[in-house]
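Commentary on secondary and tertiary structure
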Amino acid sequence: MEEIIIYTDGGCSGNPGPGGWGTVVIADGKETRLSGGEKNTTNNRMELMAAISALEFALNNFDVSQKKFNIFSDSQYVKNGITSWIKNWKKNGWRTAAKKPVLNQDLWIRLDAAYSQIPNLDWNWVKGHAGVEYNEICDQLAGEQIEKMKSL
């Protein structure tokens, strides 16, 4: 089964503040770089948008039933949220263990919807700012979007 590798990153200047996200999708020896941003957002929202954008790109461009996906994020929030915490959030009506509303519920729902359509996907955590080539590229893409948002 062909493997597709995805790296994601997001960030903010201030939290909240201008934010950006970046992702690199590696398939068939080719890289596809995607990025975007928002004028006023949070770091966690940008980390989520990177993952959402990557998975939505995959759904629109690949026969996901015939591919194996490995996604790498430097966000424990995203990795743990989608692989572990979300089960209880949904069971508890989108409330945390402390009975508070889950932050960024709109994006978690969107990420869950995309993730649930990809049968062979493994989530991996990678240390940020540690010289991992594609994580650094994603960080650069996110930074470029942050600068762009600052100028709007």
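Our subject is the structure listed above.
Everything in this summary refers to the structure shown in the same document. (Residues numbered from 1 in each chain as written. Predicted model: local features only at pLDDT ≥ 70, side-chain atom pairs only at ≥ 80, totals over all residues. Heavy atoms only, no water.)

Quick word on the pairing of strand β1 (residues 2-12)
This is how it is decided: Buried means the residue's accessible area, taken with a 1.4 Å probe over protein chains only, is under 20% of the maximum for its type, while exposed means over 50%, and partly exposed covers the values in between. Strands here mean DSSP runs of E at least two residues long; helices mean DSSP runs of H or I at least four residues long; both are numbered from the N terminus. By definition, two strands form a pair when at least two bridges between them are found by DSSP.
Burial within β1 is extensive, with eight of its 11 residues counted as buried. Two strands pair when backbone bridges link them, and β1 and strand β2 (residues 17-27) are joined in this way by eight bridges, in the antiparallel orientation. Looking at β2, one finds that Thr 8 is bridged to Thr 23. Taking the residues between adjacent antiparallel strands as the criterion, β1 and β2 are bridged by four residues, where Gly 14 takes a positive phi near 85°.

Regarding the nonpolar core
Buried together is how nonpolar side chains tend to be arranged in soluble globular proteins. Keep this limit in mind: Side-chain atoms within 4.5 Å are what join buried Ala, Val, Leu, Ile, Met, Phe, Trp, Tyr and Cys residues into a set we call a nonpolar core. When checking whether two residues touch, look at their non-hydrogen atoms; a contact exists if any pair is within 4.5 Å.
By size, the foremost hydrophobic cluster in this structure holds 33 residues, and its most contacted members are Ile 6, Leu 55, Phe 62, Phe 69, Trp 108, Leu 111 and Trp 123. Looking at this core, the elements that each hand over two or more residues are β1, β2, α1 (43-61), β4 (67-73), α2 (76-91), α3 (105-115) and β5 (121-125). Leaving out residues up to four positions away in the same chain, Leu 111 has contacts with Leu 48, Ala 51, Ile 52, Leu 55, Val 78, Ile 82 and Trp 123. Judged by nonpolar contacts, the second largest core, of 10 residues, contains Val 24, Tyr 134, Ile 137 and Leu 141.

Focus: the pattern of salt bridges
Convention followed: Salt bridge, as used here, is a side-chain nitrogen of Lys or Arg placed within 4 Å of a carboxyl oxygen of Asp or Glu.
All told, the structure shown has seven salt bridges when counted by the stated rule. Among the salt bridges present, the one from Glu 56 reaches Arg 110, with a minimum N-O distance of 2.9 Å. Of the two residues, Glu 56 sits in helix α1 while Arg 110 sits in helix α3, which places them 54 residues apart along the sequence. Between Asp 122 and Lys 68 there is a salt bridge, with its nearest N and O atoms 2.3 Å apart. Residue Asp 122 is found in strand β5, and its partner Lys 68 is found in strand β4; the two are separated by 54 residues along the sequence. In this structure Asp 122 comes out as partly exposed when scored by relative accessible area, which is 37%.

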